[in-house]
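As a plain string of letters, each chain reads:
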Protein chains: 2
Amino acid sequence: MSAPADTGGGLARFSINQETVRQLSLPDLAAACTELGIGGVGLWRDPVRAYGVAATARLVRDAGLTVTSLCRGGFLTATDPAERTRALDDNRAAVDEAAGVGTDTLVLVSGGLPPGDRDLSGARERIADALAELAPYAAERGVRLAIEPLHPMFASDRCVVSTLGQALDLAERFPADQVGVVVDTYHVWWDDRAPAQVARAGGDGRIAAFQLADWCTPLPAGVLLGRGLPGDGSVDFRVWRNLVEAAGYRGWTEVEIFNEELWARDGREALAETVERYRAHVL
Amino acid sequence: MSAPADTGGGLARFSINQETVRQLSLPDLAAACTELGIGGVGLWRDPVRAYGVAATARLVRDAGLTVTSLCRGGFLTATDPAERTRALDDNRAAVDEAAGVGTDTLVLVSGGLPPGDRDLSGARERIADALAELAPYAAERGVRLAIEPLHPMFASDRCVVSTLGQALDLAERFPADQVGVVVDTYHVWWDDRAPAQVARAGGDGRIAAFQLADWCTPLPAGVLLGRGLPGDGSVDFRVWRNLVEAAGYRGWTEVEIFNEELWARDGREALAETVERYRAHVL
């Protein structure tokens, strides 16, 4: 992770994850970032491929933006050999795209249980096997794999890695410069053991990304799009910022929110409010 | 917890939580239990009070049923003094009702964060303070308080106690015959640390109840009513049954499911299928 420069206005470490303002095209996002003094963007594979990897790299370079992460690889829990081969191939492509847009961080959402499968620890072991194949490939291309624990409500269908502790148990089987973890407030805020795990991750230099979203209820059907802007929910962001900083993290703080109300608004206005919320609730 | 008798048919330890078949009136539930050879029922305060505590006690005694638990007390996290006093009064009433219907187990759902509050550990401390007031009152009436950890997706609005480990950290401040914990598969199935916590709870005689529901996705809006019958989701019930038995638990297994499709069906038919699922996926 390249360290962010202090550009003033309190946004030195602020990065906007593209999905937060998905209504903005890549060129509009780049322009809005310049206008608002934002130095970092987290990108997603689909819009990057639609715009073109090389074109995206040019666009962000010309705008002076740092790509703080690419979302996402992962889904490494298949038992079917053909599906597993496809997943590994797709993750190598994700690594290539990460290197292509110039980021050193590929976020991994590990995958859920295969249909009819009830063995969480077996699925976690298959993730370790896949990391053993992917981590050296990524390292050769200057990309670190970042295991993101997802909230336990996603354990069956999206990510069997539910806590920072589990993510570190996996990551620590590999060199710290090859496999790190993501600390996302939305996923770990409830966990009384997470603060100690942040320290564990930081001591080893494994915090690859720090992401923010607020926890809001009631959750919508499917629970994917319930994340809120800082200040709308139950997360104490300063506590988490202090934890990662105390653990030695000096990288970017990426705001990543999936929220249909936010997506329905004018993209620049939504981005400006995200910045304001960051200033009010995180700094 | 009075130990269940072996009545044959594999249902020796089977208890039906009333809410699973809430479409059945208390007399219809008692009759259906007799018909199906079910020996245990978990009751809820609202229907018990509507029918009358003494009348409920007579009904279940005449039907030869054991009341395996009363749901529920709790909601002990208020900061407002008047609200806190009301909550403690309500919990004393719940203890009285538990004693009145003849159960030794009052399930506690601890409560979420007060509006605007973001301090989970402070809320957990207020629960400990409330238990210190309530546990002796309950013990004098032959009732044990059973702290139920709820899935982390309920941490903000319903229960700040999210893991079996946290529940035991609270329970162990009190004598084991005064405060125990509930092991509910729906809430703990995802947690790789839960098996060790089941052993910890069992070694100390603190497993006050064992409840079953399956984890099914996609979750519905509000996420309260997404629980499934055994076999419909991701939980390996035999693993959990073996864990509580290995920990020394010899009490009832209470099936507690909140599911609108199940509630829309004929109550006796829904109960009969619940029994069949128990035989197929738990025994």
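Remember, predicted model here, so these are calculated numbers, not experimental data.

How each quantity is defined
Residues numbered from 1 in each chain as written. Chains lettered and ligands numbered in written order. Predicted model: local features only at pLDDT ≥ 70, side-chain atom pairs only at ≥ 80, totals over all residues. Helix = DSSP H or I, 4+ residues; strand = E, 2+ residues; numbered from the N terminus. Rg over C-alpha atoms; globule rule 2.2 N^0.38 Å. Buried ≥ 20, exposed ≤ 12 C-beta atoms within 10 Å, placed from the backbone. Contact = placed C-beta atoms within 7 Å. Least-squares fit on C-alpha atoms with pLDDT ≥ 70 in both. Core = buried A, V, L, I, M, F, W, Y, C linked by C-beta atoms within 7 Å. Pairing = 2+ DSSP bridges. Right-handed = clockwise from strand over helix to strand, strands pointing away. Axes fitted to C-alpha atoms, helices over the stretch in contact; angles between N-to-C directions. Parallel < 35°, antiparallel > 145°, perpendicular 65-115°, else oblique. Left-handed = near helix turned anticlockwise from the far one by under 90°. Nonpolar A, V, L, I, M, F, W, Y, C, P; charged D, E, K, R; others polar. Arc of directions from axis to C-beta. pLDDT = per-residue confidence, 0-100.

**Examining the overall build of chain A**
In terms of helices and strands, chain A carries 11 helices and eight strands. On C-alpha atoms alone, chain A measures out to a radius of gyration of 18 Å, which is about the 19 Å that the 2.2 N^0.38 rule sets for 283 residues. Seen along its three principal axes, the alpha-carbon backbone of chain A occupies a region of about 50 × 40 × 40 Å. Within chain A, the fraction of its 283 residues that count as buried is 54%. Restricting to contacts in chain A with at least 6 residues of sequence separation, those with at least 24 account for 80%.

**Section: the relation of the copies chain A and chain B**
For the pair of chain copies, the relating transformation is a rotation about an axis with a translation along it. Superposition of chain A onto chain B requires a rotation of 180 degrees combined with a translation of 0.0 Å along the rotation axis, giving an RMSD of 0.0 Å. The symmetry that links the two subunits is that of a two-fold axis. Among all C-alpha atoms of chain A, that of A221(A) lies closest to the rotation axis, at 1.9 Å. Both copies present the same face, since 100% of the interface residues in chain A are matched by interface residues at the equivalent positions in chain B.

**Observations concerning the nonpolar core**
Judged by nonpolar contacts, the single largest core of 184 residues is most densely connected at L106(A), I147(A), V181(A), L106(B), I147(B) and V181(B). With residues near it in sequence (within four places) discarded, V181(B) still touches A146(B), I147(B), L164(B), A167(B), L168(B), A171(B), A201(B), R206(B), I207(B) and A208(B).

**With respect to the pairing of strand β5 (residues 144–147) of chain B**
Residues and elements named next belong to chain B. Covered by surrounding structure in β5 are R144 and A146 together with L145 and I147, the residues of both alternating faces. Bridge count for strand β4 (residues 105–109) against β5 is four bridges, and the pairing is parallel. Bridged to T105 within β5 is R144. On the question of chirality, the crossover connecting β4 to the parallel β5 by way of helix α5 (residues 120–140) is right-handed.

**Description of the packing of helix α3 (residues 53–62) of chain B against helix α4 (residues 81–101) of chain B**
Residues and elements named next belong to chain B. Following both chains from N to C, one finds α3 and α4 inclined at 30 degrees, their axes separated by 8 Å at the closest point. Put simply, α3 runs roughly parallel to α4. Judged by the twist between their axes, the crossing of α3 over α4 is right-handed. Listed contacts from α4 to V53, A54, T56, A57 and V60 of α3 are E97, G100 and V101. Here the contact of α3 with α4 is composed, by residue class, of five nonpolar, two polar and one charged.

**Some words on the pairing of strand β1 (residues 14–17) of chain A**
Residues and elements named next belong to chain A. Taking every second residue as pointing to the same face, both faces of β1 are buried, with F14 and I16 on one and S15 and N17 on the other. Direction of pairing for β1 relative to strand β2 (residues 40–44): parallel, over a ladder of three bridges. Following the sheet pairing, I16 is matched in β2 by V41. A crossover links β1 with its parallel partner β2, the connecting element being helix α1 (residues 26–36), and its sense is right-handed.

**A closer look at helix α8 (residues 194–203) of chain A**
Residue and element names in this part refer to chain A. The complete set of buried residues in α8 reads A194, Q197, V198 and A201. Across the axial projection of α8, the buried residues extend over an arc of 110 degrees, all falling on one side. Tucked inside the fold, the buried residues of α8 contact α6 (164–171), β6 (179–184), α7 (185–188), β7 (207–212) and α9 (237–246). Remark: G205 follows α8 within two positions and exhibits a positive phi of approximately 65 degrees.

**Details of the interface of chain A and chain B**
Between chain A and chain B, the residue contacts involve 25 residues of the former and 25 residues of the latter. Along the lines of polarity and charge, the residues of the side of chain A that touches chain B split into 13 nonpolar, eight polar and four charged.

**Focus on the environment of T105(A)**
Following the sequence through the fold, T105(A) ends up in strand β4 (residues 105–109). Considering only alpha carbons, one finds T105(A) and S162(A), 57 residues apart in sequence, at a separation of 20 Å.

**Digging into unusual backbone geometry**
For the bond from C71(A) to R72(A), the omega torsion is -5 degrees, close enough to zero to count as cis. A cis amide bond links T217(B) with the next residue in sequence, P218(B), at an omega value of 0 degrees. Here P218(B) shows up in the loop between β7 (207–212) and α9 (237–246). Although it is not a glycine, V223(A) sits at a positive phi angle of roughly 55 degrees. Its location among the elements puts V223(A) in the loop between β7 and α9. Backbone geometry places F75(B), a non-glycine residue, at a positive phi of 55 degrees. Position of F75(B) relative to the elements: it lies in the loop between β3 (66–74) and α4. By C-beta crowding, F75(B) is classed as buried, having 20 other C-beta atoms within 10 Å.

**Focus on the confidence of the model for chain A**
Residues at a pLDDT of 70 or more form 97% of chain A, whose mean pLDDT is 96. The ipTM assigned to the predicted complex is 0.95, against a pTM of 0.96.

**Side note on the sheet that holds β3(B)**
Strand order in the closed barrel formed by eight strands is β1-β2-β3-β4-β5-β6-β7-β8 (chain B), and the pairing between neighbours is parallel. Strand-to-strand twist across the sheet, computed as the mean angle between neighbouring axes with direction ignored, equals 30 degrees.

**Side note on the sheet that holds strand β5 (residues 144–147) of chain A**
Residues and elements named next belong to chain A. The parallel closed barrel is built from eight strands, whose spatial order is β1-β2-β3-β4-β5-β6-β7-β8. When strand polarity is set aside, the average angle formed by the axes of neighbouring strands in this sheet is 30 degrees. Contacts between helix α5 (residues 120–140) and the sheet are confined to β4, β5 and β6, with β5 contributing the most and set at about 135 degrees to the helix.

**Examining the environment of G165(B)**
Mapped onto the elements, G165(B) comes out in helix α6 (residues 164–171). With residues up to four places along the chain from it excluded, the contact list for G165(B) reads R193(B) and Q197(B).

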